[in-house]
Each structure stands twice: as structure tokens, then as C-alpha cells.
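# Architecture and fold: a report
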Amino acid sequence: MTNSVTAKDLRSVLRSNDPYRLASTFTLSPTNINSNNSYSLKHYNQRNITDANGEDWSPIVNSFLEANDASKAGDAIQSFTSHSALHSKFNHIFSKVPGNTLVPLLHTICQNTYQVAILADDQNAMQTGRNDRARLQSAVTLLQESFSKTLNDRKEYTSNAPLSENGSKKAGVLYIVNLLFSMYFRLNTLRLCKNLLRPVETRNLHKLGDNMGDKVTYRYYVGRLHMFEDNYKEAEENLDYALLHCHKNATSNKKRILNYLIPVKLERGRLPTVKLLEKYNLKEYVPLVTAIRRGDLRQFNDTLLKYQDKFIQRGTYLLLEKCKTVCHRNLFKRVFVIMGTHQLPLDNVANALKWLGMEIDLDEVECILSNLIFKKYVKGYISHSMRVLVLSKKDPFPIDAVVKK
């Protein structure tokens, strides 16, 4: 819906002492970067617009009106320029005003800056043929300053306390952290996430936060970060929390969480049910899970190839590739069950692989088996001279090694 707010509206809401109404009023109109509306930049020069404490908001109001006009006209680049000026000025006022009554407005302004930066970069790419993400990078700087203003407030933060002039600005930290996480992931600057994790978690702000949605979003990004760092246990813990506490009707959010939780679960030896995958329309995982369960390397490889673009885009392809080890283990277990002997000729194993479309020699079979023995997925040893896999008579395929605690 278009926000047709006027200077008169803003003057009125600034004196209302209603933090949520104030935040709603400063929401930018949606921007259609493909529109062809005729538009010329209008500079506003409103003066003497003050809040209930006498603080001058005229520069912020003028910048917002310019940004909102540009948004309605589809000029995302100009909207970002004007809104950046607004954001910078507001950061200064925010630090001066006592208490945390301006936290909802800070969240709105941060969200505006983030969204319009993405649209401005897209519009610039349409006009120039290249996307350097320069505006999103500028937006990061503005949000980092907002983050510092909230984090460094000396007042002690108490969860579930109402907004007041005596409240702590730390109430606004987690929402901004989540926006910064999203920006860092877009810009592929994940190393900067550590600069957010340490101060938040040393103060327990990720546990004290009032809004469960913010907590869920935080755990989602932290889980993804651990996944990319190969810390799969921590990734599973955080993504499990996000899924468990996600709103029951937020189906799309649950699906987004599962897109990362499922690969982590697979690596840790936990296979989801087909019913769960079908419930959230995660059809790409159904043949993959079936292949791992059966030890069907052909189906595993075919599924990875079919959906590789989707997996690469999510950043989960390499993790899913690691799950091939479990698929190998389950294949060799099937060969063991069929043959009914603890001494498996490597020729038989190679034939099973060839039947699944993998042309492989005995040296490669030995290499695969050596890796499985090293990981303790298989208990036994290889007789190289006899070309035989000698399996332990007690639990040759221990489940505890696959299903990690």
C-alpha cells in the first residue's frame, strides 16, 4: 500500500508519544523499479518540526518525504540516497534521546534502508549492466552504526519490559543483528558475522530478547553460519531450535529452515521421513534420502546432478556430496547381508558398484573402504594381497558411528 504521508502527518505523530504509530508512519511506500512514472525530484524544506521533547526532526522529515516520493515513482536509487541521509541523521538523534521509545522507529528505518538498497542495486544493474552491490554495502555501514548505538547503551536490559524513557536501547539489538546477518550473507562476507556473535552472546541478548521471531531468525542464521564452517553439531542445535520455535503457521519459514537443517541432519546420520518432505514440498530431498537409505549410488548421483543448481545456490551442495559416504556404507552393508559372509571379495563389491553405473577398479574400491574404516562406519580390515574385505564378526556396521550424538 502506498504511504501518502504528509509533513503535517509527521508533525502530528512526532508529538503523539506513540512509538509504534511513529514507526508505522515512517514506512516507505513500495518501490516498483519497472514503473515508468514521470517524476522529478522535489526538495522539501520543512522547518520547526519537533518532537515532544523539543528535538528538531525537520531534516529527517524532509529526507523521508523525498525518499517516499522517489519510492512511489519507482526511483529506488534516489530513494536510497534520500533515505540514507535520513538514517544517518536519525542515528544521531537516537543516541541523544533517553530510553528506548525510538526502538520501533529504528527498526523501521533499518528495514527501509535494507530493502531500498537491494532495489537500488537492482535498478542500477538494469541501467548499467553491472551490479556492484555498492548501495547494499553502504547500507551495511548505516546499520552497523545503529547496532553500535543499541549495543553500547549502558542501561541494563530487562526482557519483556515496556518501552520507556528509562528502558535500555539493547531491546533493539537482535532485530538489527538479523538484518546485518542477511546482508552479510547476500554480500558473501560471512567473516563479519563473528563481529555480531561475540557481543550478542556474551551479553545473552539472543536469549533475553522479547520477540520470539527475532530469536528464531537469529538461530536460523547462526545455524547456517556453523554449517558453512563445518560445525555440524552446533548447526543442528541452532536450526533445530529455529524449527521448533517457528510459528506453527509460518510454513514458508519452516521450509527455509529445513533447506539447511535437512542436509545437516543427513551428514549426522539422521534421515527425515518422506511424510515430512512432502508436507513442506521438499521434493528434491525425497530421492536423495531414499538413495542413502538403500545405498543406491546411482540414484544419489542422479539426484545431486538434477538439483545441483538449486543446492549450489543454497550453499548445501558440498555438504550433500559428503553424505555419499553414508550411501557407500549402506551399499556395502547390503552386499554383506546378501552374501552372508564376513569376508567380502572386492570383486563382488566392485560388481555392485558397476551395476549402479560406477565403472571402478579394485584400487578405487580399496580407497573407498579405507575411508569408511577410518571413519569407523565399517569395522574390519582390507587384505590387499587377497583383495578381500574382512569384517568384524561383532557389529561390522556400527550405527553409532553414523548417527552422531
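Scroll up to find the structure this text is about.
Notes on the structure follow.

Conventions and cut-offs
Residues numbered from 1 in each chain as written. Predicted model: local features only at pLDDT ≥ 70, side-chain atom pairs only at ≥ 80, totals over all residues. Heavy atoms only, no water. Axes fitted to C-alpha atoms, helices over the stretch in contact; angles between N-to-C directions. Helix = DSSP H or I, 4+ residues; strand = E, 2+ residues; numbered from the N terminus. Parallel < 35°, antiparallel > 145°, perpendicular 65-115°, else oblique. Left-handed = near helix turned anticlockwise from the far one by under 90°. Contact = heavy atoms within 4.5 Å. Nonpolar A, V, L, I, M, F, W, Y, C, P; charged D, E, K, R; others polar. Salt bridge = Lys/Arg side-chain N within 4 Å of Asp/Glu carboxyl O. Core = buried A, V, L, I, M, F, W, Y, C linked by side-chain atoms within 4.5 Å. Buried < 20%, exposed > 50% of the residue type's maximum accessible area, 1.4 Å probe, protein only.

### Some points on the packing of helix H10 (residues 212-228) against helix H11 (residues 232-245)
It is at 8 Å that the axes of H10 and H11 come closest, and there the two elements cross at 155°. For the element pair H10 / H11, the angle class is roughly antiparallel. Of the two possible hands of crossing, H10 and H11 adopt the one that is left-handed. Judged by residue contacts, Met212, Lys215, Val216, Arg219, Tyr220, Val222, Gly223, Arg224, His226 and Met227 of H10 engage Tyr232, Glu234, Ala235, Glu237, Asn238, Leu239, Tyr241, Ala242 and His245 from H11. Split by residue class, the contact of H10 with H11 holds ten nonpolar, four polar and five charged.

### Remarks on the pattern of salt bridges
Under the defined criterion, the tally for this structure stands at 15 salt bridges. The salt bridge involving Lys96 is made with Glu55; its shortest N-O contact spans 3.0 Å. Within this pair, whereas Lys96 is found in helix H4 (residues 76-96), its partner Glu55 is found in the loop between helix H2 (19-25) and helix H3 (58-73), the two being separated by 41 residues in sequence. With a closest N to O distance of 3.2 Å, Lys265 and Asp240 form a salt bridge. Taken together, the positions of Lys265 in helix H12 (residues 251-267) and Asp240 in helix H11 put the pair 25 residues apart, joining distant regions of the chain.

### Structural notes on the nonpolar core
In terms of nonpolar packing, the biggest core is built from 119 residues, with Trp57, Phe90, Leu102, Phe147, Leu180 and Phe181 touching the most fellow members. By residue number, the principal contributor to this core is helix H7 (residues 173-187), which donates eleven residues. Ignoring any residue separated from it by four or fewer positions in sequence, one finds Leu180 in contact with Val140, Leu143, Gln144, Phe147 and Leu196.

### Observations concerning unusual backbone geometry
The phi dihedral of Asn17 is positive, around 60°, even though this residue is not glycine. Position of Asn17 relative to the elements: it lies in the loop between helix H1 (7-14) and H2. Judged by relative accessible area, Asn17 falls into the exposed class, the value being 63%. Notably, Arg133 is not glycine yet its phi reads approximately 55°, a positive angle. Considering the arrangement of structural elements, one finds Arg133 in the loop between helix H5 (103-128) and helix H6 (134-151).

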